[in-house]
Amino acid sequence: MARHSKFRACPLCEAICGLELQYEDDRLTAIRGDTADPFSRGHICPKGNAILDLENDPDRLRRPMRRENGQWREIDWDEAFAFAGERLAAIQAEHGAAAIGVYLGNPNVHHFGHIAYLPFLLKLIRSPNMFSASSVDQWPHQLVNAQMYGHQFLLPIPDIDHTDYFLMLGANPIASNGSLMTVPDVRARIKALTARGKLVVIDPRRTETAELASEHHFITPAGDVYFLIAFLQALQQQGPPRLNAYAGKLQGFEEAMTAIGAFAQADVKALTGIPAESITRMASDFYQAERAVAYGRMGVSVQAHGSLCQWLLQLINLYTGNLDKPGGALVNDAALPITGPGTSPGARGRWHSRVRKLPEFAGELPVSALCEEISTPGTGQIRALITSAGNPVLSTPDGVAVDAALSGLEFMLSIDIYINESTCHADLILPPASFLTQDHYDSVFNAFAVRRVARLNRPVQERTSEERADWEIINGLGAAFAAASGREWRTLPPPKALIAAGLARGSSGLGLAELESAEHGLDLGPLRPGLLARLETASACIEAAPPLFMKALADLAAMPMQQRTEDALLLIGRRDIRSNNSWMHNAPRLVKGPTRHELWMHADDLDRRKLSDGHTVRVRSQNGSIAVAVKVSDAVRPGVVCLPHGFGHQRVGLQLRRAEAVTGPSYNDLTGRTALDGPSGNAALNGVPVWVEAL
Ligand SMILES: Nc1nc2c(c(=O)[nH]1)N[C@H]1C(S)=C(S)[C@@H](COP(=O)(O)OP(=O)(O)OC[C@H]3O[C@@H](n4cnc5c(=O)[nH]c(N)nc54)[C@H](O)[C@@H]3O)O[C@H]1N2
Ligand SMILES: Nc1nc2c(c(=O)[nH]1)N[C@H]1C(S)=C(S)[C@@H](COP(=O)(O)OP(=O)(O)OC[C@H]3O[C@@H](n4cnc5c(=O)[nH]c(N)nc54)[C@H](O)[C@@H]3O)O[C@H]1N2
Ligand code: SF4
Ligand SMILES: [Mo]
């Protein structure tokens, strides 16, 4: 028996940890963190180990599956491509381009064979009805980047390794491993930070990250916008803005600060739960810190004021001179550029959704509008849907309605590895081969990383002749759809060619050969300033007061200050280190041990309702209701309840034998399609008013 190790980055979350994959002959037997990876330094989480379960999962699809009269059968690849091409072409020929809708889920971003190839297929389909998981996630960030810096991916990243004061809102990297901040081994980096300076966490829950922080402040869900305005007002009291570095490159700053300064907040404590004195002290610490950074993630973007929050966070970094400064927030100059010529800068409003007239952003419509675009009859109605690596039934708002809408489609095609809550409605599923068999370069997460890193991942296993790589599936679909619709498809070359072309667009000088000889990845050094030279706004300046956000601020000022509905609790989400959105509950390693789906609630709220720990309760929202076990917790304040998303596997027609036994309802059976962040159209899934009673 020959034992040997191979190395590759983990594609399951943004942290892109290096893995050591141990083989006995051809059999993968163990997975460890790769101690020679200069970026992740040996870190691994339980999901990395669970790749063993994914590889051996008897429910994982390996060949195309076609559903007829409720029965699934395997078919061969040529038949599958031809069937898909003909159905899609026929529906488009009869009903027009918009009749095909597309939904791209989160894992697309983690696989080069999806992210680099899908745009070509979408171009061929040419439908206005494009959707993705980005609009239940990070649209506020992308919109703010586009409006202020001129490109959706000119993303300032917290320089966590060099800052002295990290103000973190609505993020829990100890569980999530970081987001829009690729930060493997985040625990060690946070420990180094708190030894050197301060981490201040603002979160309605005392999270695993808050436990490690220098300070934690409980905030009222969706109260962040008032907190951030008060913070900027307190900065104005501290002293003048430090803008020297941006001279000649900054527009609208005074205008923005004047509007923010004039914003009248009657009682910050009532709106946020945080006393005004605490905010003043934090602002003072931030202003005085040599190097400081403000950052916010899911908790402040996937809520009612997501875009305003992200804009205000940028202004805090700008005011204090920490934007584009080491130890502040810096944009990564990735070896494989995702900004600049040939990329999509993030236009907005070039078209609108048919039913609700929501504006397009970056070539997509908000996924909150998907359901009505399928179920509302008329010209432009979606009749065929393609999903790729997405599970909208569990992951997007109003899952019950999404479920019903999918069952009414004329044709549904899924590129996916499971028959799950969404793909069970498909007529055809095309499963890509394991990522271990494919060339991969993390175009997105290298560009969001807290250091400048680069890595080419070579295949570590052979795929069988029965299997197809993800990029081969896109080629197969493109060719079949083009043939059936009388269009042209130019076969795309294998990933290495596209990776080489991408690297050649950059200025790192790195080529494939150098990357190939660095099997543990390359560290190219810390982040460095450079945003000002890369601005893609028409003015070539930072636009500090985009009209879209100035108007949203004025609208907010005109609105009655948030009022709590009598008796309502505010629902927020929770990620567990062993979860990955909705799709890894079929992995035995990740679901063993205690259940993790309970609704967390403060003892006072339980007492008021005469409920006790362990009771099954009914949770109602304006949109729906679920039954769930309640767990007493002092990690949430009275008035706040907390539930993870991605559960709800008890249904007919799935082929997830392990996950079906994992109990817990779907959070998104409670969320509604009309709760949006106005400027971006991103769903507001946090801060949902709910009522809890005994079942
Ligand atoms: N209430 C609430 N809802 C949320 C969130 C929340 O915090 N709260 N978070 C939101 C966020 S941040 C996100 S990103 C979305 C995620 O939303 P989605 O991406 O729609 O959902 P996932 O659960 O990630 O589903 C991933 C799908 O990809 C499939 N898959 C896995 N690996 C592969 C692969 O290698 N190739 C292919 N082709 N398919 C694969 C899985 O089987 C599954 O069907 O959910 C959002 N929804
Ligand atoms: N283990 C695990 N890791 C993951 C994922 C997973 O499902 N499981 N998903 C991956 C994906 S797709 C993403 S996008 C990232 C997300 O990465 P993060 O954003 O770091 O992860 P979350 O755990 O959603 O953190 C959001 C925090 O916001 C808080 N919060 C909720 N509402 C509010 C509010 O109104 N204000 C404030 N200030 N805070 C609020 C919540 O209590 C929570 O602590 O995680 C990624 N990593
Ligand atoms: S932290 Fe993310 S990248 Fe690292 S092993 Fe876990 S899932 Fe994979
Ligand atoms: Mo996400």
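All figures in this text were calculated on a predicted structure; none of them were measured in a lab.

Visitor: When you look at the packing of helix H10 (residues 224-238) against helix H11 (residues 253-261) in this model, what are you seeing that I'm missing?
Guide: A pair of packed helices is characterised by two quantities: the angle between their axes and the separation of those axes. One can describe the packing of H10 onto H11 by two numbers: an axis separation of 9 Å at closest approach and a directional angle of 110 degrees. One way to sum up the angle between H10 and H11 is to call them roughly perpendicular. Residues Ile229, Leu232, Gln233 and Gln236 of H10 form the contact with H11, whose participating residues are Met257, Ile260 and Gly261. Here the contact of H10 with H11 is composed, by residue class, of four nonpolar, three polar and no charged.

Visitor: Honestly, the pattern of salt bridges in this entry has me stumped. Any pointers?
Guide: Opposite charge on two side chains permits pairing when their charged atoms draw close. Taken as a whole and judged by the stated rule, the model has 40 salt bridges. A salt bridge links Arg651 to Asp403; the nearest nitrogen and oxygen atoms lie 3.9 Å apart. A residue pair is termed long-range when its members are at least 10 positions apart, and Arg651 in the loop between strand E29 (640-642) and strand E30 (688-694) and Asp403 in helix H18 (residues 399-407) qualify at 248 residues. A salt bridge links Asp555 to Lys551, with the shortest nitrogen-to-oxygen separation between them at 2.9 Å.

Visitor: What exactly am I supposed to notice about the site of ligand 3 here?
Guide: The immediate surroundings of ligand 3 are formed by Cys10, Leu12, Cys13, Ala15, Ile16, Cys17, Ile44, Cys45, Lys47, Gly48 and Asn177. In terms of residue class, the shell around ligand 3 is made up of eight nonpolar, two polar and one charged.

Visitor: How should I be thinking about the nonpolar core in this particular structure?
Guide: In globular proteins that are soluble, nonpolar side chains generally tend to be buried together. In terms of nonpolar packing, the biggest core is built from 99 residues, with Leu167, Phe227, Phe231, Trp311, Leu315, Leu318 and Ile542 touching the most fellow members. Among the elements that make up this core, the one with the highest residue count is H10 (10 residues). Composition of this core by domain shows at least three residues from each of domain 2 (65-127 + 366-447 + 467-510) and domain 3 (156-335). Ignoring sequence-local partners within four residues, the contact set of Leu318 consists of Met148, Arg242, Leu243, Tyr246, Leu250, Phe253, Leu323, Ile542 and Ala544. Counting residues in each nonpolar core, the second largest holds 50 residues, with Leu21, Ile374, Ile429 and Met584 among its members.

Visitor: For this particular structure, what's the right way to read empty space enclosed by the protein?
Guide: Over the atoms rolls a probe the size of a water molecule, and its path tells where empty space is left. In this structure the tally under the stated criterion is eight cavities of 30 Å³ or more. Space inside the second largest cavity adds up to approximately 140 Å³. Lining the second largest cavity we find 17 residues, and of these His141, Pro156, Tyr295, Gln310 and Gln314 sit closest to its centre. Elements represented by at least two residues in the lining of the second largest cavity include exactly helix H6 (139-149), strand E8 (157-158), strand E13 (292-296) and helix H15 (306-319). A breakdown of the residues in the lining of the second largest cavity according to their chemical character gives 11 nonpolar, six polar and no charged.

Visitor: How do you make sense of the site of ligand 2 when you look at a structure like this?
Guide: The environment of ligand 2 is made up of 31 residues, and the closest members are Asp203, Asp224, Asp576, Ser579 and Asn581. Residue Arg575 places a side-chain N or O atom 2.7 Å away from an oxygen atom belonging to ligand 2. In the complex, 97% of the free accessible area of ligand 2, which totals 920 Å², lies under the protein chains. Broken down by secondary-structure element, the contributors of at least two residues to the shell around ligand 2 are helix H7 (173-176) and helix H14 (298-301). In terms of residues, the shell around ligand 2 owes the most to one element, H14, which gives three residues. Taken together, the residues of the shell around ligand 2 sort by class into 11 nonpolar, 12 polar and eight charged. When residues of the shell around ligand 2 are assigned to domains, at least three fall in each of domain 3 (156-335) and domain 4 (569-694).

Visitor: Even after reading the chapter, I still don't get the domain arrangement of the chain, so can you show me in this structure?
Guide: Quoted interface sizes are often the accessible area lost when the parts come together. Here the chain is described as being made up of domain 1 (3-56), domain 2 (65-127 + 366-447 + 467-510), domain 3 (156-335) and domain 4 (569-694). Domain 2 and domain 3 are separated by 37 Å when their C-alpha centres are compared. The interface is formed by nine residues belonging to domain 2 together with five residues belonging to domain 3. Regarding the contact of domain 2 and domain 3, the summed buried area is about 470 Å², with carbon and sulfur atoms giving 53% of it. Its largest share of buried area at the contact with domain 3, domain 2 owes to Phe445, Asn446 and Ala447, together 61% of the area lost on that side. The tally of links between domain 2 and domain 3 comes to zero salt bridges. Here the side of domain 2 that touches domain 3 is built from residues that sort into five nonpolar, four polar and no charged.

Visitor: In this structure, what is going on with unusual backbone geometry? I would like to understand it.
Guide: Glycine aside, residues mostly have negative phi, and peptide bonds are mostly found in the trans state. Of note, Ile16 is a non-glycine position whose phi angle comes to about 40 degrees, a positive value. Of the residues examined, Ile16 reaches a relative accessible area of 7% and is grouped as buried. Its identity as a non-glycine residue notwithstanding, Ala222 has a phi of 65 degrees, on the positive side. For Ala222, the position within the fold is in the loop between strand E11 (215-217) and H10. Take Ala222: its relative accessible area is 10%, and that puts it in the buried class.

Visitor: Honestly, the sheet that holds strand E10 (residues 198-202) in this entry has me stumped. Any pointers?
Guide: Think of a sheet as strands paired side by side through backbone hydrogen bonds, with each pair either parallel or antiparallel. One open sheet accounts for four strands, arranged E11-E10-E9-E13; its pairing is parallel. Unpaired on one side and paired on the other, E11 and E13 mark the two borders of the sheet. On average, each strand axis in the sheet is inclined to that of its neighbour by 15 degrees, with strand direction left out of account. Pairing of strand E9 (residues 165-169) with E13 involves five bridges; the strand directions are parallel. Note that in E13 the partner of Leu169 across the bridge is Gly296.

Visitor: How should I be thinking about the packing of aromatic side chains in this particular structure?
Guide: The description of an aromatic ring pair uses the distance of the two centres, along with the angle that the planes make with each other. Counted under the stated rule, the structure contains 13 aromatic pairs. Ring geometry for Phe227 and Phe231: centres 5.9 Å apart, planes at 40 degrees, overall tilted. With a gap of four residues between them, Phe227 and Phe231 both fall in helix H10, about one helical turn apart. Just as Phe227 is buried, Phe231 falls in that class too. Members of the aromatic cluster, connected to one another through ring pairs, are Tyr165, Phe227, Phe231 and Phe286.

Visitor: What is the right way to read the sheet that holds strand E2 (residues 18-24) from this model?
Guide: Taken in spatial order, the three strands line up as E1-E2-E3 in an open sheet, and their pairing is antiparallel. Taken across any chain shown, the strands that pair with only one partner, and hence form the sheet edges, are strand E1 (3-9) and strand E3 (27-33). Averaged over all pairs of adjacent strands, the angle between their axes in this sheet comes to 30 degrees, without regard to strand direction.

What counts as what
Residues numbered from 1 in each chain as written. Chains lettered and ligands numbered in written order. Predicted model: local features only at pLDDT ≥ 70, side-chain atom pairs only at ≥ 80, totals over all residues. Heavy atoms only, no water. Axes fitted to C-alpha atoms, helices over the stretch in contact; angles between N-to-C directions. Helix = DSSP H or I, 4+ residues; strand = E, 2+ residues; numbered from the N terminus. Parallel < 35°, antiparallel > 145°, perpendicular 65-115°, else oblique. Contact = heavy atoms within 4.5 Å. Nonpolar A, V, L, I, M, F, W, Y, C, P; charged D, E, K, R; others polar. Salt bridge = Lys/Arg side-chain N within 4 Å of Asp/Glu carboxyl O. Near = heavy atom within 4 Å. Core = buried A, V, L, I, M, F, W, Y, C linked by side-chain atoms within 4.5 Å. Buried < 20%, exposed > 50% of the residue type's maximum accessible area, 1.4 Å probe, protein only. Domains from an automatic or database assignment. 1 Å grid on protein atoms, 1.4 Å probe; cavity = no way out; pocket = protein on both sides within 12 Å on 5 of 7 lines; lining within 4 Å. Points joined across faces, edges and corners; volume = space filled by probe spheres on them. Polar contact = N/O pair within 3.5 Å; in protein donor to acceptor, adjacent residues only side chain to side chain. Areas by Shrake-Rupley, 256 points an atom, 1.4 Å probe, with all protein chains shown as cover. Buried area = accessible area lost by both parts, 1.4 Å probe. Pairing = 2+ DSSP bridges. Phe/Tyr/Trp six-rings, centres within 6.5 Å; stacked < 30°, edge-to-face > 60°.

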